[in-house]
Every structure is written in structure tokens, then in C-alpha cells.
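These are the residues of each chain, in order.
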Amino acid sequence: MAKQPMLKFVTVERDMPEKRGADTRNKDFDEIYAEFAKAKAEEQASRCSQCGVPYCQSHCPLHNNIPDWLKLTATGRLQEAYEVSQATNTFPEICGRICPQDRLCEGNCVIEQSGHGTVTIGAVEKYITDTAWEEGWVKTITPALERDQSVGIIGAGPGGLAAADALRRAGVQVTVYDRYDRAGGLLTYGIPGFKLEKDVVMRRIEQLEKSGVEFVLNCNVGEDLSFDAIRGKHDAVLIATGVYKTRDLTGPGSGADGIVRAIDYLTASNKASNFGDEVPEFTSGELNAKGKKVVVIGGGDTAMDCVRTAIRQGAESVKCLYRRDRANMPGSQREVQNAEEEGVEFVWLSAPKAFAGDSVSSVTVQKMRLGAPDASGRQSPEVIEGADYVEDADLVIKALGFEPEDLPTLWGQPELAVTRWGTIRAEYGTGKTSLDGVYAVGDIVRGASLVVWAIRDGRDCATAMLDYLNNGAEAVAAE
């Protein structure tokens with residue numbers, strides 16, 4: 001009988017790729033985890049129990065066929081593993097790096113629930129696709145048949161790019177419009193290089209360009225080009241702008257210099273540190289933490305990106321204020337651990353009350369406690385009266401989450417229906433909006449969410465758009 005290549009979780013312990021020491025990694029923007037070697041990737045993949053009901057797959061928004069590509073990896077059939085992985089995920093090497101696996105696939109792994117330690121799904125996923133790039137298995141998209149229909153996509157983030165990929169494979173002509181000078185959205189400018197090195201994103205952009213996707217950059221829709229013009233040029237339009245409007249602070253002094261938005265801070269850092277661009281606000285120190293006492297307000301993954309970036313820029317100190325406790329924070333616990341290792345101090349159950357100085361010099365912090373649960377079931381933070389104290393700060397970064405811009409007004413489209421939260425009202429599973437031939441996906445529909453959900457939305461919406469284009473062609477033929 002052939003030796004069983006799987007179910008080795010009882011004899012092989014869980015092992016992650018080597019993580020660089022904090023005293024080394026906090027001085028650069030390179031990724032902190034090393035790559036699996038072939039033997040280690042096969043070993044870790046072989047721990048999969050190949051269970052009858054793969055909860056890892058059902059809890060993945062893309063429903064990736066994880067057990068199959070783990071088995072293929074364990075048995076040395078890596079090219080086939082890549083093909084299975086790529087079949088459901090447009091950007092597996094990106095998801096392998098930045099997905100919160102601890103909350104999704106790995107957090108629901110059956111052997112994790114039995115106490116053996118989860119399969120390191122994300123690290124294996126990253127290894128498979130990085131190897132595919134090295135071996136030349138990732139090919140330029142070559143549709144079997146070119147179509148004369150075109151789709152305009154507004155937003156070059158993960159949702160828009162996933163849809164562009166799927167539409168090009170079907171032979172549709174695709175043009176992507178984006179406000180920034182590089183495509184990728186938050187993948188390029190919102191996520192620091194130590195989590196996602198930029199060449200990983202840029203090679204996907206290059207693949208799409210070589211595949212015939214046209215990118216119109218530095219294009220702010222509603223100013224540089226009207227929505228009506230885009231709609232008139234294409235047979236269908238996809239809105240994938242994401243959400244970029246920052247939730248703001250209130251209280252005395254909240255308008256002081258030195259209180260900045262997380263997206264501005266991270267964009268400046270990525271441009272200067274990862275692309276070598278000249279960024280005046282970074283050079284002047286306005287969006288640079290070097291030598292400063294930094295306070296970041298928020299507890300999500302964006303806040304984690306900010307505190308870890310500030311450490312690498314040479315901040316004198318970095319503190320993160322969050323109004324709930326560690327157990328109730330929305331960000332990844334893995335990211336919190338990494339930040340603590342690198343020298344970040346977390347101040348739990350704390351919120352800003354006021355700010356001093358024309359250029360901020362300190363934050364008055366009010367201490368909180370957790371009270372009764374709110375509508376979502378989470379305990380609501382309550383102020384502890386008389387427990388205020390002052391925290392010195394030269395730079396305060398607002399990482400309080402993002403909200404949608406008022407697109408119907410900005411684009412002169414009052415008929416574009418939105419929800420009471422300002423997100424675009426779109427049909428679940430297809431992305432259809434109130435305007436004929438106009439679709440929407442990602443955060444502009446869901447609100448601020450995960451990259452993997454944007455990819456899922458882009459993939460599903462591309463299928464719906466193809467149905468729309470096909471039905472339109474059939475109607476013309478019938479006439």
C-alpha cells in the first residue's frame with residue numbers, strides 16, 4: 001500500500017515560515033516572513049486532515065478549494081496546485097499575505113478545533129503562487145475570442161482588478177479608471193510593504209496590461225472625466241471605488257496641525273519608502289513620524305499598519321489608543337502581536353477627549369470601561385469620569401475607519417440609489433445598481449471590508465456583466 005501523504009497533523013507540528021527578529025525588521029519595509037522551502041511547504045501541507053466537510057473552504061469568501069491544493073502541494077504536484085488555487089482566486093499570492101487567515105480559513109480548520117494547531121494555509125498559498133511566478137506558470141491572458149464590447153471600471157483596487165481579469169478572459173475590452181498615479185488601490189498605497197511588498201502588486205498590474213487591459217490613471221471621475229462620458233463610451237460600467245472618506249475626530253483642538261488621516265499618512269509612506277517617489281509632505285515631516293511621539297487612534301488593521309509604519313520611520317515612541325479591550329478589537333491579533341514585538345505600546349480602554357497646541361503637542365485621554373452590549377452584541381465603551389490624563393504627542397493619526405463618498409452628488413447621478421449608510425445599493429451576487437448597465441462591487445457596496453471580499457465581488461459581478469452583455473447582443477440580433 002502506498003504511503004499516506006496526508007493526515008500528518010498527529011506527528012508533524014504546525015510550523016510557520018521563519019519570522020525576522022523585531023530588532024531587524026523594524027528598520028525596513030520588507031516583508032517580515034521568509035518563504036517556505038519546498039520540503040517545508042510539502043510537510044506543512046501534509047498536515048491537512050482532508051476532512052469530509054472542509055470548514056476552511058466554506059469559511060473562505062472565495063470558497064477556495066483548499067484541501068485539494070494542499071494535497072497537490074504535499075505530493076509535489078505544485079503546478080497543478082497553482083492551477084486549482086488560481087481557478088477561484090484572482091490574486092492568491094496577495095491573499096496568502098494579507099488575508100486574516102486566523103479569522104477565516106485557518107481559524108475554522110478542523111484540526112485547529114481539535115487542538116493540533118491549524119494548517120498554515122496562508123503561507124502555503126503564498127508559496128504556491130510565488131513559485132508559479134518564478135517558474136513562468138503565470139501566463140498573460142489570451143482570450144479564445146475577442147469581443148467588440150467594452151466595460152469601463154472605475155477604481156483599480158482588488159474588486160475592480162478581479163473583475164477586469166475575469167472580463168478579459170472572456171474577451172471583453174476593459175478600461176480601468178483610477179484617481180491615483182498607480183493602479184492597485186489600497187493594495188498599492190494603503191497596505192505597507194512589510195505586509196505586501198509592492199512588486200507583488202505591480203507584477204499583477206503588468207500582467208493585466210500585457211493582457212490588454214487599459215489603465216487611465218490620475219483620473220478623478222467627476223472632475224477630470226464625467227461619469228456620463230464613461231457610461232457613454234462603454235457597454236457597461238463597474239463602480240469599484242472603495243471607501244476613502246475618513247471618519248473624523250471631534251472635541252476641542254481636533255483641527256490642529258499634526259492630526260492627520262491614516263490614508264494620507266500610509267500613502268505618503270508607501271510612495272516615499274516603497275517606490276522612492278518625492279513626496280513633499282513626507283520630506284517636510286508633516287506625514288513622517290521620524291523622531292516624533294506618535295499616537296494612533298483606532299483598533300483595526302489600518303491602525304496596525306500605521307503604528308508599525310511609524311516604528312519603521314524612527315518614531316521616538318508609538319502608542320495606540322483603543323476604546324475597547326484587546327479581546328474586542330477588530331484588527332488581527334497576529335498584527336497586534338507583531339506590533340508589540342516591534343515596540344508599539346497599546347493603551348486599551350482609552351479614547352481621545354481633547355488636543356492641545358496649534359500644532360498638536362498632547363492628547364487628553366479619557367479612560368473607558370465596557371458596559372452593556374450594543375445592538376451588535378459587543379459591549380459598549382463607557383467613560384470613567386475623573387480618570388482623564390494627558391499623553392504627549394507630536395503626530396496624531398486618525399485610523400477610525402472609512403465611509404463612502406457621496407458619489408451621486410460628486411458624479412451628478414441622483415438616480416444612483418444608495419443605502420442609508422451612503423454605500424451604493426446593489427443586488428447581492430450580481431452587483432446590479434439602479435442604473436441600467438451599471439454595476440458596483442467591493443467596499444463601496446459593503447462598507448470597509450476585506451480584500452478577499454472585494455475579489456469575490458469582482459469575480460461574481462464579472463459573471464453578471466457577461467450575462468448582461470450577452471443578453472444585449474441577443475436582443476440586437478433578434479431585432
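Scope of this entry: the structure provided in the associated data block. (Residues numbered from 1 in each chain as written. Predicted model: local features only at pLDDT ≥ 70, side-chain atom pairs only at ≥ 80, totals over all residues. Heavy atoms only, no water.)

1. Some words on the side chain of Thr188
Cut-off, in case you're wondering: The helix and strand labels rest on DSSP assignments: H or I over at least four residues marks a helix, E over at least two residues marks a strand, and numbering proceeds from the N terminus. In the analysis that follows, any N or O atom pair within 3.5 Å is treated as a polar contact, provided that within protein one partner can donate a hydrogen and the other can accept it, and provided that, for residues neighboring in sequence, both atoms belong to side chains. Residue contacts follow a heavy-atom distance rule, with two residues in contact if any of their heavy atoms lie within 4.5 Å.
By secondary structure assignment, the location of Thr188 is in helix 10 (residues 186-189). Within the local environment of Thr188, its side chain forms a polar contact with the backbone oxygen of Ala183, the two atoms lying 2.6 Å apart. Among residues more than four places away in sequence, those in contact with Thr188 are Arg182, Ala183, Lys198, Val201, Met202, Asn270 and Phe275.

2. What about the nonpolar core?
Rules: The nonpolar core is taken to be a set of buried Ala, Val, Leu, Ile, Met, Phe, Trp, Tyr and Cys residues, with the residues joined through side-chain atoms within 4.5 Å. Buried residues are those whose accessible area, probed at 1.4 Å on protein chains only, stays under 20% of the maximum for their type, while exposed residues exceed 50% and partly exposed ones sit between those limits.
In this structure, Ile153, Leu167 and Phe215 are the most contacted members of the largest nonpolar core, which totals 45 residues. Elements supplying a minimum of two residues to this core: helix 6 (92-98), strand 1 (150-154), helix 9 (158-169), strand 2 (173-177), helix 11 (198-210), strand 4 (236-239) and helix 19 (451-478). It is helix 19 that provides the largest number of residues to this core, a total of 9 residues. In this structure Leu167 touches Val151, Ile153, Val172, Val174, Ala462, Met465 and Leu466, once residues within four positions along its chain are discounted. Membership of the second largest hydrophobic core comes to 30 residues, among which are Ala262, Ala268, Leu287 and Ala303.

3. What about the sheet that holds strand 9 (residues 345-348)?
Quick reminder of the rule: Strands pair, by our definition, only if DSSP identifies at least two bridges between them. Under this scheme, a helix contributes an axis fitted over its contacting stretch, all axes are lines through C-alpha atoms, and angles between N-to-C directions fall in the 0 to 180 degree range.
Spatially, the 5 strands line up as an open sheet ordered 6-14-7-8-9, and their pairing is parallel. A strand with exactly one partner marks an edge of an open sheet, and here the two such strands are strand 6 (259-261) and strand 9. Across this sheet, the average inter-strand angle for adjacent strands is 25°, counted without regard to direction. Relative to strand 14 (residues 395-398), strand 6 runs parallel, the two being bridged by 3 bridges. Its bridge partner lying in strand 14, Ile259 is registered against Val396. The strands touched by helix 13 (residues 262-274) are strand 6 and strand 14; relative to strand 6, the strand with the most contacts, the crossing angle is about 75°.

4. Some thoughts on the sheet that holds strand 16 (residues 438-440)
The sheet built from 5 strands is open, its strands ordered 3-2-1-4-16 with parallel pairing. Pairing within the sheet leaves two strands with one partner each, and these edge strands are strand 3 (214-216) and strand 16. Averaged over all pairs of adjacent strands, the angle between their axes in this sheet comes to 20°, without regard to strand direction.

5. Points about the pattern of salt bridges
Filter applied, for reference: Salt bridges, as used here, are contacts in which a Lys or Arg side-chain nitrogen is within 4 Å of a carboxyl oxygen on Asp or Glu.
One pass over the structure, following the stated rule, counts 38 salt bridges. Two residues, Arg204 and Glu93, come together in a salt bridge whose shortest N-O distance is 2.7 Å. Here Arg204, found in helix 11, pairs with Glu93, found in helix 6; they are 111 residues apart in sequence, far enough to count as distant. With respect to burial, Arg204 and Glu93 carry one shared label: buried. The partner of Arg369 in a salt bridge is Glu382, and the shortest N-O contact between them spans 3.6 Å. Highlighted residues: Arg369 in strand 11 (residues 362-373) and Glu382 in strand 12 (residues 379-383), separated in sequence by 13 residues. Judged by relative accessible area, which is 43%, Arg369 ranks as partly exposed. On the basis of relative accessible area, Glu382 is assigned to the partly exposed category, the value being 34%. If you follow the salt bridges from partner to partner, you end up with Lys19, Arg25, Lys195, Asp305, Arg308, Arg312, Glu335, Glu341 and Glu342 in one network.

6. Quick notes on the packing of helix 8 (residues 121-135) against helix 11
Heads up, the rule is: For classification purposes, angles smaller than 35 degrees are called roughly parallel, those larger than 145 roughly antiparallel, those between 65 and 115 roughly perpendicular, and all remaining angles oblique. For any pair of crossing helices, the crossing counts as left-handed if the nearer helix is rotated counterclockwise from the farther one by less than a right angle, and right-handed if it is rotated clockwise. For this classification, the nonpolar set comprises Ala, Val, Leu, Ile, Met, Phe, Trp, Tyr, Cys and Pro, the charged set comprises Asp, Glu, Lys and Arg, and every other residue, Gly included, is treated as polar.
Following both chains from N to C, one finds helix 8 and helix 11 inclined at 55°, their axes separated by 13 Å at the closest point. In terms of their interaxial angle, helix 8 and helix 11 are classed as oblique. For helix 8 against helix 11, the interelement crossing comes out left-handed. Residues Thr129, Asp130 and Trp133 of helix 8 form the contact with helix 11, whose participating residues are Arg203, Arg204 and Gln207. For the contact of helix 8 with helix 11, a count of residues per class yields 1 nonpolar, 2 polar and 3 charged.

7. A word on the environment of Phe194
If you trace the backbone, Phe194 turns up in the loop between helix 10 and helix 11. For Phe194, a relative accessible area of 2% corresponds to the buried category. Each C-alpha atom, one on Phe194 and one on Tyr33, is 8.9 Å from the other, the two residues being 161 residues apart in sequence.

8. Examining helix 13
Keep this limit in mind: By this rule, a helix spans an expected 1.5 Å times one less than how many residues it contains.
Its 13 residues place the ends of helix 13 17 Å apart at the C-alpha level, agreeing with the 18 Å of an ideal helix rising 1.5 Å per residue. Along helix 13, the residues classified as buried are Ala262, Ile263, Tyr265, Leu266, Thr267, Ala268, Ser269, Asn270 and Ala272.

9. Focus: unusual backbone geometry
Most peptide bonds are trans, and most residues other than glycine sit at a negative phi. In the Ramachandran plot, His63 falls in the positive-phi region, its phi being about 50° despite a non-glycine side chain. You can see His63 is positioned in the loop between helix 3 (55-58) and helix 4 (66-74). Its identity as a non-glycine residue notwithstanding, Leu349 has a phi of 50°, on the positive side. Tracing the chain through its elements places Leu349 in the loop between strand 9 and strand 10 (350-356). Of the residues examined, Leu349 reaches a relative accessible area of 23% and is grouped as partly exposed.

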